[in-house]
Amino acid sequence: MRQNLAVRNLKAKPVRTGILILLTALLSLMICGGTLLVASMRSGLASLEARLGADIMVVPYEAKTKSNLENIVLQGNPGYFYMPVERYEKIASLDGIAQISAQFYLASASSGCCSIPVQIIGFDPETDFTITPWIRRSYAKQLQTGDIVVGNDLNAFVGDTLQFYGVNCHVAAKLDKTGTYYDSAVFTSVETIRQLIASSLEKGMNDFSDIDPQSVVSTVLINVAEGYSTEEVMNDINIHVKKVKAVQTKEMISGISASLKGTSDLIGVLIVVVWGLGVVILLLAFSMSVNERKREFAALRVIGASQRNLASLVMQEAVLSGLAGAVCGTVIAVMGITAFHTAIEEQLGLPFLMPSLGKQMLTSIISIAAVLVAGTAAAAVSAYRISRIDTALILRGEQ
Amino acid sequence: MKKLTVTDVILLVLSTALCLGVKLVFHACGPKEDGSWMTCHWAEQAVFAVSIGMMAIAVVRLFLERREKAGAALAMSLMGVMTALIPNVMIRLCMMSEMRCHAVMHPAVVILSVLTAIAGAADFVLSRKEGGK
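Keep in mind that what you see is a predicted model, and the values were worked out from it rather than measured.

Conventions adopted
- Residues numbered from 1 in each chain as written.
- Chains lettered and ligands numbered in written order.
- Predicted model: local features only at pLDDT ≥ 70, side-chain atom pairs only at ≥ 80, totals over all residues.
- Helix = DSSP H or I, 4+ residues; strand = E, 2+ residues; numbered from the N terminus.
- Buried ≥ 20, exposed ≤ 12 C-beta atoms within 10 Å, placed from the backbone.
- Contact = placed C-beta atoms within 7 Å.
- Pairing = 2+ DSSP bridges.
- Axes fitted to C-alpha atoms, helices over the stretch in contact; angles between N-to-C directions.

## Comments concerning the overall build of chain B
Moving on, step 1. From N to C terminus, chain B includes four helices and zero strands.
Moving on, step 2. Put simply, chain B runs from its N terminus to its C terminus through helices and strands in the order α-α-α-α.
Moving on, step 3. Projecting the C-alpha coordinates of chain B onto the three principal axes gives extents of approximately 60 × 25 × 15 Å.
Moving on, step 4. Looking at chain B residue by residue over its 133 residues, the buried ones come to 46%.
Moving on, step 5. Summarising the internal contacts of chain B: among those between residues at least 6 apart in sequence, 80% fall at separations of at least 24.

## Regarding the pairing of strand 4 (residues 119-123) of chain A
Residues and elements named next belong to chain A.
Moving on, step 1. Most of strand 4 is tucked away: five of the five residues are buried.
Moving on, step 2. Burial along strand 4 is two-sided: the residues Q119, I121 and F123 and I120 and G122 are all buried.
Moving on, step 3. As defined by bridge partners, strand 3 (residues 97-107) adjoins strand 4 across five bridges and the pair is classed as antiparallel. In the sheet register, F104 faces strand 4, and the bridge partner there is G122.
Moving on, step 4. Pairing of strand 4 with strand 8 (residues 185-189), which is carried by five bridges, proceeds in the parallel orientation. Looking at the pairing, Q119 lines up with A185 of strand 8.

## A closer look at the sheet that holds strand 6 (residues 161-164) of chain A
Residues and elements named next belong to chain A.
Moving on, step 1. The strand order across the open sheet built from nine strands is 6-7-5-8-4-3-10-1-11, with neighbouring strands paired in mixed fashion. In the strand order of this sheet, the two ends are held by strand 6 and strand 11 (244-248), each with one partner. Each strand axis lies, on average, 35° off the axis of its neighbour in the sheet, ignoring direction.
Moving on, step 2. As defined by bridge partners, strand 3 adjoins strand 10 (residues 219-224) across six bridges and the pair is classed as antiparallel. Its bridge partner lying in strand 10, I100 is registered against I222.
Moving on, step 3. In the packing of helix 7 (residues 190-202) onto the sheet, contacts are made with strand 3, strand 4, strand 5 (147-150), strand 6, strand 7 (167-174) and strand 8, and the angle to strand 3 comes to roughly 35°.

The quantities given are spatial measurements derived from coordinates; they are silent on function.
Okay, structure coming up:
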């Protein structure tokens, strides 16, 4: 019966109820949305660290000096660079190397479906230790010549045929989402990428017109052997192998880590500030509402409602409007971020991987709880005040 | 004009947002370098065409009796479902999901169409309940 009265009170004043719901919805939108954004960026960075999977990356010196290495390797901007395979062999002969594998890059020309190029990465399944373990999750067989594995963001499916530089490639598998540039890349074997590089050269569509596709590599990935430090091996390569630049992969992502920390700190501060402001605004809103309704509460006291009943009524109204607003705000935040995650990722320029459904639900529940705590805490002050009103004075209009 | 209901306003706002938005705000990818269009452009055109119909029905609804409004709401609900299916189901979008048609147009069209479908269906169900009383 008492709950019915609270619901009827809320329905009777749609504007007041609407404003309360809007305030709590904005509060939960900010808390849930901000938390999900930070969690997604952290997942993306963790995924990128796992995907890099090597201690050292060696690239042709021009790639480093042109500062396009991070764009290509970390941001996923399609591009390519090559160095003679002899440098790979020389690096492999140095001490302190436990695992070594070469990769081959090529950017597709705009194909029939799209106006932007796709990054094609070739790897040697015999020696690869960074891409293969992750491809194995989606595709356990050996890649044949002409087979490609597509990243999760590509609108191509197993069995489709894609054409790059006039070469038909068969989609053998589609990878799971990683939240990194790998999602929009195409992976293939050494034979296939050499075929594609040769075809791009034949068509005059490759910037490196004088290379022999059979005797070049783009990058060399290295895992350091036990007993050697990464710096030691990296310096050894930089000193003894000419025209290459060895870099630590951890250093490469330090810039992204710093950006991520800055962004997540800012969002964290904003969440706390908005929550604090929300509590103050709700406090004012409930206070004004209770002041406006003093005569109504006094009338309820006259017909037999106890002080406790009045306080309970105010609290119930606060919980109901708070819950409605918190649920609306949380649903909008989750739906908005899920639907527009790609656009958000593009704007942020950081790796972005949405948390699992379980984590999203947990974040939603915590956001709703935080908003309810703010709403009920603000209403509790007004409930205490209304429970102590002097009915006679109010009805006589003296208070 | 008959008395405005909340659903009248919601359906008119949603269909107008879809119609104007798909051309001005959350449009598909631009033309290729050679001036030709990708398939996502035709998805945009199809959504625009259907949303003009939806907007027209939403305007006509304002002048109808309650029972007729319910029929129009049901039609808008079905058109909403069809519109949500146009991008990437009926007409395939571009290859990479980071492209504008996937990142912006697809989610915006699906959200607005589904909301229109829900609002239309809710209005139809409510009017049936009112009629039964």
